[in-house]
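Listed below, chain by chain, are the residues.
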2 protein chains.
Amino acid sequence: MDDQAIGPRKDRAAVKADEVKVDLIAFVVAVNDSEPCVLTIGQADTLPSGPFALEHRSLQSGLRGWVEQQTGHPLGYIEQLYTFADRDRIGAERQQRVISISYLALTRKEQAAGSPKCGWQSWYEYFPWEDHRSGTPPVVLDVLRPRLIEWADGVSDAAARRERWQRATIAFGFDDRLWNEELTLQRYELVYEAGLVQEAGSGRDATLPPLVPSKSMVADHRRIVATGIARLRSKIKYRPVVFELMPPVFTLLQLQRTVEALAGRLIHKPNFRRLIEQQELVEETGEATTETGGRPAKLYRFRHAALDERVIAGTKLPLARG
Amino acid sequence: MDDQAIGPRKDRAAVKADEVKVDLIAFVVAVNDSEPCVLTIGQADTLPSGPFALEHRSLQSGLRGWVEQQTGHPLGYIEQLYTFADRDRIGAERQQRVISISYLALTRKEQAAGSPKCGWQSWYEYFPWEDHRSGTPPVVLDVLRPRLIEWADGVSDAAARRERWQRATIAFGFDDRLWNEELTLQRYELVYEAGLVQEAGSGRDATLPPLVPSKSMVADHRRIVATGIARLRSKIKYRPVVFELMPPVFTLLQLQRTVEALAGRLIHKPNFRRLIEQQELVEETGEATTETGGRPAKLYRFRHAALDERVIAGTKLPLARG
DNA sequence: CCAGCATATACTTGCTGTGAGTATAAGGGA
DNA sequence: TCCCTTATACTCACAGCAAGTATATGCTGG
């Protein structure tokens, strides 16, 4: 909008152009030893964040600054997640809105020592129902399913009851539906609405069921993490972003384990190798490692040229069915 | 962030928590007579927009308000596109940042008469190279290709030259690569960087090539439209959002023409019908229309139940190869 | 009334992607 | 030396889908 935009400008004069505070929030991901981790500060319940200020050249550089300052970690790949205006966060003294812009960032744990105030947590501590690498975790069928049935039955309207249960069925793959790992956000919204996580607390009373065991986070940070996991799980299937999480040199099995950690489910090894190779995403270094035990594994590195080429075709990942 | 977030709060005190103005910008889409349209105000060069204000309950409701006020059109489906902080838009008098949150919205033209200040423009007026429904448009090979070659050759570094040309090749499908309709944003960025659109104007001088014939827009609005087109073209393939653009009752061919309008390419009719039917996205009304000429076409309506079901599987659309 | 046209609707074919299983190679340790 | 583990290679089978072809049905113009 510049001076040409006369039309809307006049309309706007009718409304006070309110000022707003803008917060930048980062969901920073790394994978170590087949465990997907989120970078936290505080009591392992807070994402790095800070206000967007005049000295920041751009939104992204502001985010990088806050994360480095609070955790000592430099960020590699950054992607915007979502912008939201918190209804509940209107400043007490002045009437003022706060807007949060959340980001997904990928890095590697070893990148830096890290300040003492920060730490890496397996993201499955916050979402124990999301890790299906060893089959469906017990909490899904033993805890979530009965509580969600209770929750669905908790409304009088029959149609609403059916709709609630259908949502749960789809999201969690009940009744022999298959598990869809990308529905992380829908699942979190369900357990939140059902009052099964601490964050849903304000409305809690004695009639609500006990919480599902899981780590909670401050404000809506856990929701941001759920959004980020969903985005990442979707993205690894069509863009070669996994390599942002890998060391410069790696074996194909390490690569596979990393993808499995993110997706929360296992991958058929021969198919995974075929796909990676036929897409020419990696190239051999010529070296091999015996650290893995068994036959020495060839070492590979990412072909950065693939970044440009793969814009089109996309990276596909074969996820096992059952 | 609430009072629990003590860690970051202290750090923040070091920086003045600057205030920011927030703008909401809408890319509103409708399809009429097989022509995909964007809602504009001003000289058909401005998207509806307005500041986020205290009286708005949420970002989305603020956006709805501005669009209705400026154009008289109510919005249906709304989806956030991207949030950016304009470097070039720091207030002259006071040091102040402006942040823009852009949205994609779907509606139908007939929905309202519309105020006189607004109008619908075919989006291919702004992106003539994007419509491949009658084959590759002449502008691609006759104008864009030679100018992009010039642009690529315009750098001395051989590697940079190769990289520029590779980007162009991938984005526009030169050299027998196939056209990928989802790369709308990459293509716009290329023609912008190459100085072929008016918006790239500030740095223009006599040495730059003449513009590619196309309508321009105010500020970065055309870039927002490109982002929205890309998002929409991608989304129609896995979510049944097309129906937001359809009248309550329609024929399968009308549905196909709408998708073709958005995608900018033709669809194999038998395959399209099979896909729509097997996914049970629509149901027959029992009526038929003879207005299409030829054998009367059955009328269908969208099965809203599919909205819930299709969260999983996604909607697939068969786009023709060549 | 009939020919021709335009649209709708149905069926068939062949390729490709990919899920899944099996077999072989190579090194280390008991 | 045997066995274990991991890496690497090959094969099969099914599903999805692009693409082509054929038939049905109603309108229109000569």
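Structure shown above.
The shown structure was predicted, so the numbers you read here are calculated from the model rather than taken from an experiment.

Rules of the game
Residues numbered from 1 in each chain as written. Chains lettered and ligands numbered in written order. Predicted model: local features only at pLDDT ≥ 70, side-chain atom pairs only at ≥ 80, totals over all residues. Heavy atoms only, no water. Helix = DSSP H or I, 4+ residues; strand = E, 2+ residues; numbered from the N terminus. Buried < 20%, exposed > 50% of the residue type's maximum accessible area, 1.4 Å probe, protein only. Areas by Shrake-Rupley, 256 points an atom, 1.4 Å probe, with all protein chains shown as cover. Salt bridge = Lys/Arg side-chain N within 4 Å of Asp/Glu carboxyl O. Pairing = 2+ DSSP bridges. Polar contact = N/O pair within 3.5 Å; in protein donor to acceptor, adjacent residues only side chain to side chain. Contact = heavy atoms within 4.5 Å. Phe/Tyr/Trp six-rings, centres within 6.5 Å; stacked < 30°, edge-to-face > 60°. Lys NZ or Arg CZ within 6 Å of the ring centre and 35° of its normal. Axes fitted to C-alpha atoms, helices over the stretch in contact; angles between N-to-C directions. Parallel < 35°, antiparallel > 145°, perpendicular 65-115°, else oblique. Left-handed = near helix turned anticlockwise from the far one by under 90°. Nonpolar A, V, L, I, M, F, W, Y, C, P; charged D, E, K, R; others polar. Expected span 1.5 Å × (residues − 1).

## Some details on the overall build of chain A
Next up, step 1: Assigned secondary structure in chain A consists of nine helices and eight strands.
Next up, step 2: When the 322 residues of chain A are sorted by exposure, 53% land in the buried category.
Next up, step 3: Total accessible area computed for chain A in this model is approximately 14,700 Å², and 48% of it derives from carbon and sulfur atoms.

## A closer look at the pattern of salt bridges
Residue and element names in this part refer to chain B.
Next up, step 1: Inspection of the entire model under this criterion finds 34 salt bridges over all chains.
Next up, step 2: Linking Arg265 and Glu181 is a salt bridge whose minimum nitrogen-to-oxygen distance equals 2.7 Å. On the criterion of sequence distance, the pair formed by Arg265 in the loop between α7 (252-263) and α8 (269-278) and Glu181 in the loop between α4 (158-172) and α5 (184-193) is long-range, its members being 84 residues apart. Glu181 shares its class with Arg265; the two are buried.
Next up, step 3: A salt bridge links Arg257 to Glu260, with the nearest nitrogen and oxygen atoms 2.7 Å apart.

## As for the pairing of strand β2 (residues 35-41) of chain A
Each regular strand shows side chains that alternate between the opposite faces of the sheet.
Residues and elements named next belong to chain A.
Next up, step 1: Among the seven residues of β2, six are classified as buried, and the element is accordingly described as predominantly covered.
Next up, step 2: With four bridges connecting them, strand β1 (residues 20-32) and β2 associate as antiparallel partners. What sits directly across from Val31, in β2, is Pro36.
Next up, step 3: As consecutive antiparallel partners, β1 and β2 are separated by two residues, and within that stretch Asp33 has a phi angle of approximately 50°, a positive value.
Next up, step 4: Pairing between β2 and strand β6 (residues 118-122): five bridges, direction antiparallel. Residue pairing in the sheet places Leu39 in a bridge with Trp120 of β6.

## Structural notes on the side chain of Thr71 of chain A
Residues and elements named next belong to chain A.
Next up, step 1: One can find Thr71 in helix α2 (residues 59-71).
Next up, step 2: For Thr71, a relative accessible area of 0% corresponds to the buried category.
Next up, step 3: In this structure the side chain of Thr71 is engaged in a polar contact, spanning 2.7 Å, whose partner is the backbone oxygen of Val67.

## With respect to the environment of Phe174 of chain A
Residues and elements named next belong to chain A.
Next up, step 1: With respect to the helices, strands and loops of the structure, Phe174 is situated in the loop between α4 (158-172) and α5 (184-193).
Next up, step 2: Distance in space between the C-alpha atoms of Phe174 and Val140 is 9.1 Å, their sequence separation being 34 residues.
Next up, step 3: Setting aside residues no more than four positions away along its own chain, Phe174 makes contact with Val140, Leu141, Arg145, Leu148, Trp165, Ala168 and Thr169.

## Some thoughts on unusual backbone geometry
Residue and element names in this part refer to chain B.
Next up, step 1: Residue Asp33 is not a glycine yet carries a positive backbone phi of 50°.
Next up, step 2: With respect to the helices and strands, the residue Asp33 is situated in the loop between β1 (19-32) and β2 (35-41).
Next up, step 3: Despite not being glycine, Ala44 shows a phi value in the positive range, around 55°.
Next up, step 4: Here Ala44 lies in the loop between β2 and β3 (49-51).
Next up, step 5: Accessibility expressed as a relative area gives 14% for Ala44, which makes it buried.

## Points about the packing of aromatic side chains
Next up, step 1: Here the structure, examined in full by the defined rule, presents 18 aromatic pairs over all chains.
Next up, step 2: Over the ring of Trp179 of chain B we find Arg187 of chain B; its NZ or CZ atom is 3.7 Å from the centre of that ring.

## Describing the packing of α4 of chain B against α5 of chain B
Residue and element names in this part refer to chain B.
Next up, step 1: For the pair α4 and α5, the least separation of the axes is 9 Å and the interaxial angle reads 140°. Between α4 and α5, the crossing angle belongs to the class labelled oblique. Note on packing geometry: the crossing formed by α4 with α5 is left-handed. Contact residues: α4 offers Arg167, Ala168, Ala171 and Phe172, while α5 offers Arg187, Leu190, Val191 and Glu193.
Next up, step 2: Classifying every residue of the contact of α4 with α5 by side-chain character gives five nonpolar, no polar and three charged.

## Re the packing of α7 of chain B against α8 of chain B
Residue and element names in this part refer to chain B.
Next up, step 1: Relative orientation of the contacting elements α7 and α8 amounts to 105°, with a least axis distance of 11 Å. As the angle between them shows, α7 and α8 are arranged roughly perpendicular. Residues Leu252, Leu253, Leu255, Gln256 and Val259 of α7 pack against Lys269, Phe272, Arg273, Ile276 and Glu277 of α8.
Next up, step 2: For the contact of α7 with α8, the class distribution of residues is six nonpolar, one polar and three charged.

## Brief notes about the side chain of Thr258 of chain A
Next up, step 1: Here Thr258 of chain A lies in helix α7 (residues 252-263).
Next up, step 2: Thr258 of chain A has contacts with Val31, Val242, Leu245 and Met246 of chain A, leaving out every residue within four places of it along the chain.

## Observations concerning α4 of chain A
Residues and elements named next belong to chain A.
Next up, step 1: Counted at 1.5 Å a residue, the expected span for α4 with its 15 residues is 21 Å, and the 21 Å between its end C-alpha atoms agrees.
Next up, step 2: Every buried residue belonging to α4 is among Ala168, Thr169, Ile170, Ala171 and Phe172, and all of these are buried.
Next up, step 3: Two or three places before Ala159, at the start of α4, stands the capping residue Asp157, its side-chain oxygen 3.3 Å from that residue's backbone nitrogen.

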